Structure formats: structure tokens, C-alpha cells
Amino acid sequence: MSNTKPRIEYDLVLVGASPSNLTLAHTILGLAEKNPEFKFSIAILEKAHDFGGHIVSGAVVHPSIFTKAFPDHIKDGMPIEAICKKSYVSLMAYHEKWDIPSILTRAAAADFVKEGYYILTLSNVVAWMAENLKAKAAQVSNVKLDLFPGFPAMEIIYEGDKVAGLRVDRTGNDEDDIVYSKLTCFGDKGFLSKDLIKKYDLETNPQIWSVGVKETWQLAEDSENIEGKVWHTLGYPTLDGTLGGGFIYGLKNRRVTIGLVISLDSSNPNIHPQKQLQEYKKHPWLQKMLKGAELMHYGAAVLPEGGYASLPKKFQVDGALILGDALGLLDVKALAGVDKAIESGYIAAKVAYEALKANDFSEAKLSKYQSSLMASPYMDKFKENRYFRKAFIENPELLRDYLPEVLSSIDQTKAPVLGGLKVGVQNPFKATKAFLRSASLLNNAKEIKEEVVYKPGYQHIDPNFNKVLMDRCHGGDDFAKTTVYSREDAVFYANTRYDEHPSHIDEFNSDTCLTCIKTYEAKSLDVPCVSDCTAEVHRLDISSGNIKVHAMSLENCVQCRTCELICPEQNLRVNPAYAGAGPDFKGL
Amino acid sequence: MNKDLDIYVLIKQVPDTRSKAGVNPDGTIDRAKAGKMLNPFDAFALQAGLNAKKMGGPNSRLFAVTMGPPPAIDILYQTLEHGADATCILSDRRLAASDTLATAYALCRTLEYLFKKNGRKADLIFCGLQTTDGDTAQVGPEISERLDFTQVTYCEDFSISDNLLHAKKIIEGGTQLVSAELPALVTIANSYTKLKFKSLRGAQFVQDVKRASKEEQAKYVEIIDLDKCEADEMRCGLNGSPTIVSKTWKIGVVGGNCKMHQGKAASELVSEVFKDAVMLKEFVKI
């Protein structure tokens with residue numbers, strides 16, 4: 001290497017090897033292939049040690065998006081776990097489970113019908129996308145594609161009002177630490193894109209986040225074959241009034257993935273996501289499924305749930321585009337985000353290619369990205385489902401009061417009918433109103449034009465939360481010990497690996513933590529960051545003077561960012577860790 | 001300011017300690033099946049080499065050398081990512097089944113070839129303490145004998161001044177401070193500084209090299225065989241190895257019966273363990 005050090009520069013820099021960004025890279029290589037005279041360079045920055053290592057997602061995805069963006073995906077061996085043969089929507093009571101008859105699901109909740117969809121382990125798909133990309137780049141000699149796994153983007157570098165690059169390392173020499181780019185594409189899960197959205201004041205509504213915890217199990221040899229079966233469940237164990245639900249996907253080779261998604265705009269200060277997942281598995285139906293099974297992987301991640309109402313004002317600024325999860329393209333009603341994330345990458349590729357050719361990266365030039373994405377057929381449903389969260393936020397009694405009533409009737413009579421009637425009889429006016437209002441928000445979005453106003457999740461947390469509601473999240477004691485893992489044990493299955501002394505979570509002010517601890521201790525509650533951590537990171541230590549202080553075991557961190565989002569004082573920030581440290585979610 | 005130093009790091013690719021290695025019917029490791037990695041002990045030697053390069057003059061150079069089948073080129077690329085200037089691999093089928101004597105001979109010939117090519121002898125050679133697949137810790141010292149270099153083993157820290165290496169080495173029951181004249185061969189203990197993550201520029205540079213022409217690649221990763229380094233094939237591989245593995249066998253079952261106790265409060269777990277483990281009761285008062 002020469003001694004004079006030029007700046008590290010690329011034409012296009014992608015933040016995060018997400019499905020959206022990898023689709024962008026794949027598509028733009030296809031465009032470049034047709035025009036071999038035009039040369040440019042791409043760098044992909046990824047915080048995980050290996051591609052896919054920090055990706056957690058279900059995922060059940062409609063095949064059409066892969067046919068569009070990766071026409072050869074079958075031939076090229078994209079890993080598909082199963083094709084969904086039968087999908088169920090089920091109400092989970094403490095002891096019983098009631099599958100909503102498919103005729104009803106098709107009529108009233110068609111979004112939940114997933115038959116014919118791909119069941120994917122997204123971490124494996126992302127790893128495949130990266131391999132596929134490398135092979136493709138070797139064929140397209142006019143594009144220089146550099147991959148940087150283990151190098152997280154830590155800070156956005158601006159030149160005037162333009163995004164000019166990213167700080168990737170902290171050696172102290174800017175020339176070694178900064179990657180400069182003409183166009184930067186943010187496909188991260190909010191780690192860095194939140195700074196961009198704040199800087200350019202792009203926020204319309206605060207993003208609402210939920211946390212997903214997930215496990216993959218190897219089932220016993222003599223277990224029932226559930227490959228291709230998909231269950232989405234409502235009810236047990238999330239019965240504290242918080243919006244949440246479970247999912248169970250049957251994978252090939254007798255594996256099953258079990259997960260729980262819980263909204264973080266909950267009033268409950270102690271959600272205990274990992275513990276709730278264990279409660280979920282205590283359900284007799286799952287106990288039967290998991291008889292003799294073995295835990296393979298555990299992981300957690302947050303999901304942007306605000307949907308259409310939380311989309312930023314603009315999807316592009318001078319020198320940058322926002323994609324996928326950074327944009328918040330998850331449609332929580334349809335349980336689909338991967339398709340739109342890939343679509344955003346597919347559309348961004350074309351816009352980025354035009355910008356590269358014109359050497360114009362101004363917001364005006366890039367604005368075609370937003371208009372094209374909004375006009376995409378994949379966004380129609382997204383728009384239609386924009387009142388889903390509003391329906392539950394406006395009518396909290398639906399989940400808090402009426403659902404448990406219906407579930408208890410399932411436990412007693414194996415059907416929801418009596419519970420439904422009881423709710424109707426006891427609250428004739430109020431219940432009817434809530435049902436009609438929410439049904440109207442869910443089904444008549446085309447006719448309704450209403451404003452949606454969200455509060456960030458942490459503002460919902462109530463230190464005076466009713467403990468009776470919390471207690472509802474616990475099931476019986478009749479379960480096999482081998483199916484339930486403590487949070488400490490679960491971390492082992494997330495394969496976290498850190499060098500000595502990780503320091504990726506900032507605590508801004510320790511006095512703020514002291515006040516917060518006092519508030520929750522006084523109510524005999526756990527401090528939110530301690531209870532809701534999905535790994536075993538946040539804890540309280542007793543310092544000299546017998547004072548309880550906030551402390552962290554960062555080497556356990558799975559980098560889900562829940563603590564940052566639920567901290568009532570907004571006193572924490574989770575940064576990507578150095579050197580590819582963190583969990584390894586491959587296969588989850 | 002110290003003079004410019006020519007530093008060599010000797011490294012080896014070993015079966016990945018995290019992957020399940022296959023075992024051949026004759027008891028040897030099936031290397032083709034196992035995942036591969038840089039010998040973890042050599043990572044400390046590489047960091048030592050990088051640090052030594054900073055201690056030397058501005059035109060100091062760091063070379064990484066290995067011997068092994070072609071896939072071992074991967075670990076040479078790794079050293080380039082970390083900041084090595086050039087690398088060389090000795091790869092030849094005739095080297096198969098080398099013991100430490102034959103390996104040290106072949107590596108010596110490679111080093112002498114490189115000294116000639118680079119215009120001068122090494123000032124410092126760093127080796128890892130041992131490998132995870134051989135565990136002999138012999139090759140480093142054997143090379144220093146052949147090259148007639150000063151030998152410092154078990155080094156856990158060092159500095160360089162006035163053509164002298166000042167090293168802190170581990171000895172039984174303590175540490176020893178030694179000063180040695182250069183050229184020297186140093187084996188680095190695993191209590192030395194851990195290898196830092198590769199640099200961004202290094203990662204970028206290696207991807208450039210991998211895309212470059214074969215000639216350009218050879219500037220950074222040179223592949224040589226026994227003929228190129230003028231080694232006597234009778235002293236290499238099986239021919240040159242007096243060590244004979246007559247038999248390997250298992251020394252009993254490792255692990256035995258292991259029962260997991262989990263999913264209960266600590267106090268319940270402890271009493272559960274004691275209920276099962278009769279033997280424990282003899283040692284612990286309950």
C-alpha cells in the first residue's frame with residue numbers, strides 16, 4: 001500500500017446488508033451489466049460479522065416479489081423453508097386453542113390467509129443474497145463492489161446540507177475512518193437512519209415499535225409433521241391489554257419456529273418479552289408439539305409498526321435514500337414487510353442508477369424514488385391498512401376487557417360464542433360501539449379520511465399500571481421443564497460474541513437512571529429496561545451507600561434496541577458494536 | 001528512531017475449533033471436511049508483527065509466510081487486511097505428512113528464498129506459541145536454530161531499541177526480562193495483546209487485490225513450490241519426517257453422563273443436584 005492516503009470513496013454506499021439494500025445492489029448490477037461502458041463503485045456496510053447474522057424475521061412472504069426482483073431465485077438456490085400449505089388464525093386461551101374457521105378468516109381477515117406463500121428464514125435468505133451478489137459482481141466488471149461485513153456505519157457525515165459519507169471506524173484518523181459517498185442508502189433498522197430523519201425533520205408521526213422474540217426448535221422424530229403449516233395467534237399470553245400475537249411456522253426437516261410480537265406502545269412497564277415467550281410455550285397445545293424437542297436458536301429484534309401513518313415526509317434527501325425498515329414498511333395488519341422492503345430496493349436501484357448516470361444526487365433528482373414507491377401495487381394494501389393501530393389505540397377495551405372474556409369462553413366451551421354474547425350483553429352500548437368503530441377503521445379505510453396521531457412507545461408507560469393485568473400473562477405450572485428457558489440460558493442460544501469490554505450502549509446521565517429506579521421501586525415494579533431486555537443486559541447493582549444503580553452486561557446484548565425505545569427517560573442509545581460483535585442469528 | 005525493520009510472521013491454517021472436524025479411520029484429522037481458520041495462537045504473533053512494524057523505521061515491512069494447501073491463501077489475505085505488506089505460501093503436494101523437523105526445514109528454505117528476493121535477512125521473525133492442531137511448539141525454535149537467530153520463546157510483551165529486542169517472557173513461576181540482539185525469532189504467548197479487528201482500508205485493499213490480474217495478485221500473495229525455494233524433497237514431507245505415528249487411540253470416554261438442571265429457582269436446582277449426586281454428599285456438608 002502506498003504511503004499517501006486518498007479518501008475512501010464510493011459512488012454508492014449502502015448502510016446495512018438488509019433485504020432492501022441487497023436487492024438494490026442486485027438490481028443495479030443487472031442495470032450496469034447492460035451498459036458495460038458506464039463504471040461505478042458500491043460499498044455495502046454491515047454490522048454483523050457475517051451477512052444475515054443480525055437478521056431476525058419470520059418470515060412468510062408472497063413469492064411474487066421474489067419473482068420480480070430475483071427471477072432466478074429458484075434456480076440459484078434461494079433457501080426456502082417451506083411453502084405454506086395451510087394457514088390458521090387462532091385464539092389462544094389458557095388451556096384451549098380455537099382456530100377461526102377458514103371461511104371466516106377469508107371473509108373477515110383475508111390478510112392472514114398465507115397459503116402459497118414462502119416460509120423463509122430471513123437470515124439465511126440474506127446470506128444467500130450476499131453470496132449471489134458476490135457471484136454476480138464477478139461477472140459485471142464495470143462495477144466495483146466491495147463488501148464490508150463487521151463494519152457498522154456509526155455516524156452520518158454531512159457536507160453542507162448534503163449527506164456526504166459515514167464514519168465507519170474510530171481509529172482517530174478521519175481519512176481511515178470515513179467512507180465518502182455520492183449516494184448513501186439507509187436500509188438499517190433505525191440505528192442510524194433515525195439521525196437522518198431527525199436532522200432533516202422528516203418525521204410525520206413518531207414510529208411505533210414492537211419487539212419480536214423468536215425461537216427455532218428441532219422437533220422429535222415421532223412428532224406430527226407440521227411443515228408448511230402457519231399459525232398466527234391472538235390471546236395468551238399477551239393479555240395485559242397490549243397489542244401482541246404469536247406465530248408458529250412449520251419448517252422442513254421437522255423444525256418449527258415459535259415467536260411472539262409485542263407492541264412497545266404499552267402502558268405496562270414490565271412486558272418481559274422473553275418470559276412471555278416462555279409462557280406462550282406453556283400452552284398445552286405447544287407443550288404437545290414440543291414434546292422431546294430441542295431448542296436450536298433464540299433471538300430478538302424490534303419491528304417498526306407505525307406503518308403508513310409513520311412514513312417520513314420524504315424518502316430522500318440530498319445524497320441519500322431511505323429504504324426498508326429505515327422507512328418503516330412493515331404492514332402489521334397483513335404481517336408483511338419483506339415484500340415492500342424488497343420492492344423499495346428494486347425501485348431505489350433504478351433511481352440510483354439514473355442519478356449515477358446523470359451525476360446528480362440532489363433531492364429533486366432522487367424524488368422519483370418516493371413517487372414510484374408510493375405508486376407501487378405493493379403499497380396499496382399498506383395504505384388500506386393504515387388505521388390498524390389506530391383501531392386498537394382508540395379502543396383499548398377490545399384487548400384489555402373483551403378479548404379475555406371471549407378466551408375464557410373458549411376455555412370453558414371450546415368456542416368463543418358465549419364469551420362474545422356475554423361481552424355484548426354486559427356492555428351493550430360500549431362494546432357495540434368499540435366493535436363497529438374498529439371494524440370500520442379496519443375495513444373501510446378507502447372511505448375514511450382521518451388523521452392518525454401516535455405517541456412514541458415510551459410515553460405510554462404507566463408506573464401505576466394495574467398489576468392484575470400483568471398477572472394475566474402467566475399460565476399454569478403444568479409444563480415440561482425442557483421447553484422453558486430462563487433469559488440467562490436463552491442468551492446462549494443467540495450465540496452472542498463480543499471482544500473484551502463492549503461499550504455500544506450509551507447511558508447519557510446516571511442521575512436520570514437513579515430517579516427512574518426510585519420511581520419504579522416505589523411501586524414495587526421492575527425498571528422497564530431491566531424487565532423488557534430480551535437478553536440479560538440491564539440490571540440493578542447495589543453501589544456503596546446501598547443505592548441501587550443501573551448497570552449493564554453488554555456481552556449478552558442481542559442488539560434488539562428495545563431498551564432504547566422503552567426507556568421512560570430516553571436515557572439510552574444502542575449503537576452498533578465494533579468488529580462484527582453481537583449475536584449470530586443465522587438459521588433463526 | 002529505530003532503523004527500518006524487515007519483519008516476518010509465520011502462520012498456519014488449522015481446522016476451525018468451532019466446527020466439527022472429521023476423523024479419518026487411521027485417527028488423523030480429516031482436514032478437507034473441517035472448516036478452517038487462522039491458528040488462534042498465530043493471531044497474537046500477527047499483532048506482534050504489526051506492533052513491531054510501528055516500532056521500526058518508516059520503511060519497515062511486514063511479511064506473512066505460511067505452508068499448506070492452496071486454501072491456506074485465505075489466511076494470507078487476512079494478514080493483508082490487517083496491514084501486512086506482502087505474503088508468501090509454500091504449497092507442494094510433496095510436503096504432505098511433514099513433521100516438525102521437515103516443516104522447519106521447508107519453512108527455512110522459504111524464508112531464505114524470501115530474504116534473497118527482498119534483498120536482506122529478516123530482523124525479526126514472529127511465530128505463535130504452538131498450533132491448535134499439532135500442539136508441539138517446536139517449529140519456531142527449530143527454525144531459529146537453522147537460521148542461527150537469537151531465540152526468545154513465550155514472549156508476552158516486547159520493545160525494540162538500538163538493535164536490541166527487550167522482551168518479557170514467561171518462565172516457570174514468574175516472568176523474565178531479556179534483551180536479545182537482532183535478528184531474533186520470537187514465539188508470542190497468548191497473553192500478548194489480542195489481534196485487533198482488520199482496518200477498513202485493509203478490507204478494501206484485499207478486495208482490490210482479489211479483483212486484480214494474476215500478476216498483480218502475485219505481488220501480494222506469492223505461491224511457491226519446493227523447486228522455487230530450492231528445497232531438497234528428500235528432507236520434506238513423509239521422506240523428511242522421522243516421526244512415526246504408530247497408533248492413535250481414545251483415552252476413554254470424555255464427558256460421560258451429563259444431566260442438565262434448569263427452569264427452576266437456584267435453591268431448588270441445588271437440592272435437585274444433590275438428590276441425584278450421591279458422590280457429592282461425601283465432599284459437601286448439607
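Residues numbered from 1 in each chain as written. Chains lettered and ligands numbered in written order. Predicted model: local features only at pLDDT ≥ 70, side-chain atom pairs only at ≥ 80, totals over all residues. Heavy atoms only, no water.

Let's talk about the pattern of salt bridges
Rules: By convention in these notes, a salt bridge is any Lys or Arg side-chain nitrogen within 4 Å of a carboxyl oxygen on Asp or Glu. Under the scheme used here, helices are H or I runs from DSSP no shorter than 4 residues and strands are E runs no shorter than 2 residues, and both carry numbers assigned from the N terminus. Each residue is placed in one exposure class: buried if its accessible area under a 1.4 Å probe, protein chains only, is under 20% of its type's maximum, exposed if it is over 50%, and partly exposed if it falls in between.
Under the defined criterion, the tally for this structure stands at 56 salt bridges over all chains. Residue Glu-81 of chain A is joined to Arg-255 of chain A by a salt bridge in which the shortest nitrogen-to-oxygen separation is 2.4 Å. Pair noted here: Glu-81 of chain A is in the loop between helix H2 (64-69) and strand E4 (82-83) and Arg-255 of chain A is in strand E15 (residues 255-263), with a separation of 174 residues, a long-range link. Overall, the relative accessible area of 11% leaves Arg-255 of chain A in the buried class. By sharing partners, the salt bridges in this structure join Lys-3, Asp-6, Arg-61, Arg-120 and Asp-123 of chain B into a single network.

Overview of the sheet that holds strand E13 (residues 229-235) of chain A
All names here are of chain A. Quick note on the threshold: Two strands pair if DSSP finds at least two bridges between them. Only the contacting stretch of a helix is used when fitting its axis, a line to C-alpha atoms as for every element, and angles between N-to-C directions run 0 to 180 degrees. The criterion used for residue contact is that any of the two residues' heavy atoms lie within 4.5 Å.
The strand order across the open sheet built from seven strands is E6-E5-E13-E14-E15-E12-E16, with neighbouring strands paired in mixed fashion. Two strands close off the open sheet at either side, each with one partner strand: strand E6 (97-99) and strand E16 (294-304). Direction aside, the axes of adjacent strands within the sheet are offset by 20 degrees on average. Relative to E15, strand E14 (residues 244-251) is paired through eight bridges, and the arrangement is antiparallel. Looking at the pairing, Ile-248 lines up with Ile-258 of E15. Sitting on the sheet, helix H7 (residues 273-281) is in contact with strand E5 (86-92), strand E12 (209-218), E13, E14, E15 and E16, with an inclination near 130 degrees to E15. The sheet strands contacting helix H15 (residues 397-413) are E5, E6 and E13, and the helix crosses E5 at an angle near 105 degrees.

Examining the packing of helix H16 (residues 417-426) of chain A against helix H17 (residues 428-443) of chain A
All names here are of chain A. Which entries qualify depends on this criterion: Polarity classes work like this: nonpolar for Ala, Val, Leu, Ile, Met, Phe, Trp, Tyr, Cys and Pro, charged for Asp, Glu, Lys and Arg, and polar for all others, with Gly in that last group.
Where H16 meets H17, the closest approach of the two axes is 5 Å, and the angle between their N-to-C directions is 115 degrees. On H17, the residues that touch Val-423, Gly-424, Val-425 and Gln-426 of H16 are Pro-428, Ala-431 and Phe-435. Residues that form the contact of H16 with H17 fall into these classes: five nonpolar, two polar and no charged.

Remarks on unusual backbone geometry
Put simply, Tyr-236 of chain A and Pro-237 of chain A share a cis peptide bond, and its omega is 0 degrees. Mapped onto the elements of the fold, Pro-237 of chain A is located in the loop between E13 and E14. Here the residue pair Leu-182 of chain B and Pro-183 of chain B is connected by a cis peptide bond, since its omega of 0 degrees sits within 30 degrees of zero. Along the chain, Pro-183 of chain B turns up in the loop between strand E11 (174-181) and strand E12 (184-188). One non-glycine residue, Asp-135 of chain B, adopts positive backbone phi at about 60 degrees. By relative accessible area, which is 48% here, Asp-135 of chain B ends up partly exposed. Of note in the backbone geometry, Asn-163 of chain B takes a positive phi value of approximately 60 degrees without being a glycine. Checked against the element boundaries, Asn-163 of chain B lands in the loop between strand E9 (150-161) and strand E10 (164-171).

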